[in-house]
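Architecture at a glance
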Amino acid sequence: MYLDNSFGKTVDILRRTMGVNLMRQEVTANNIANADTPHFKRQVVNFETSLTAALASEKKPAFPTLMTNERHIPFDRPVDYKSVVPRRVTEWNVQGKNNGNNVDIEEETSNAVNAQLSYNMLVQSVSGHFNNVNLVLRG
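The paragraphs below set out a description of the structure included in this document. (Residues numbered from 1 in each chain as written. Predicted model: local features only at pLDDT ≥ 70, side-chain atom pairs only at ≥ 80, totals over all residues. Heavy atoms only, no water.)

A word on the environment of Thr90. Along the chain, the position of Thr90 falls in strand 2 (residues 87-90). Sequence-distant contacts of Thr90, defined by excluding residues within four places in its chain, comprise Lys41, Arg42 and Gln43. A distance of 3.2 Å separates polar atoms of two side chains, one belonging to Thr90 and the other to Gln43. (Helix = DSSP H or I, 4+ residues; strand = E, 2+ residues; numbered from the N terminus. Contact = heavy atoms within 4.5 Å. Polar contact = N/O pair within 3.5 Å; in protein donor to acceptor, adjacent residues only side chain to side chain.)

Next up, the structure:
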């Protein structure tokens, strides 16, 4: 289908990243809402590092692996980027306040702004991709 080419793959990655930014906004809003709740631990969303590793694994290795036994585990298996999902991670090991809460309202506000700006940038990027397609089709 359309995912078999670079345009489809790019749009799919942008779509997934937009969803992650929405999830990030929800997590940040939850952190802000619980900024004064005793023993509440903030959460963050991890996604980009895993996506980058999956995309890097699709490249052919410089040195092919030689497996002399069927029980050998290949270390250069490609990871499908579609299998990468965002993860909510609770920061248990950081304590910022005397009541056990580790939410820093300034940091969370900054994270909310960053997530919104990233989402807007991704929307503009997707829009630009489809505008280019429209230019080609009209031409």
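We are not done yet, so read on.
Glancing now at the pattern of salt bridges. One pass over the structure, following the stated rule, counts seven salt bridges. Its salt-bridge partner being Lys9, residue Glu58 comes within 2.4 Å of it at the nearest N-O pair. Of the two residues, Glu58 is situated in the loop between helix 2 (48-57) and strand 2 and Lys9 in helix 1 (residues 6-33); the sequence distance between them amounts to 49 residues. A relative accessible area of 33% means that Glu58 is categorised as partly exposed. Note that Glu48 and Arg24 form a salt bridge whose closest N and O atoms lie 2.8 Å from each other. Placement of the pair is Glu48 in helix 2 and Arg24 in helix 1, with a sequence separation of 24 residues. Residue Glu48 is classed as partly exposed on the basis of its relative accessible area, which comes to 34%. Among the residues examined, Arg24 registers a relative accessible area of 18% and is labelled buried. (Salt bridge = Lys/Arg side-chain N within 4 Å of Asp/Glu carboxyl O. Buried < 20%, exposed > 50% of the residue type's maximum accessible area, 1.4 Å probe, protein only.)

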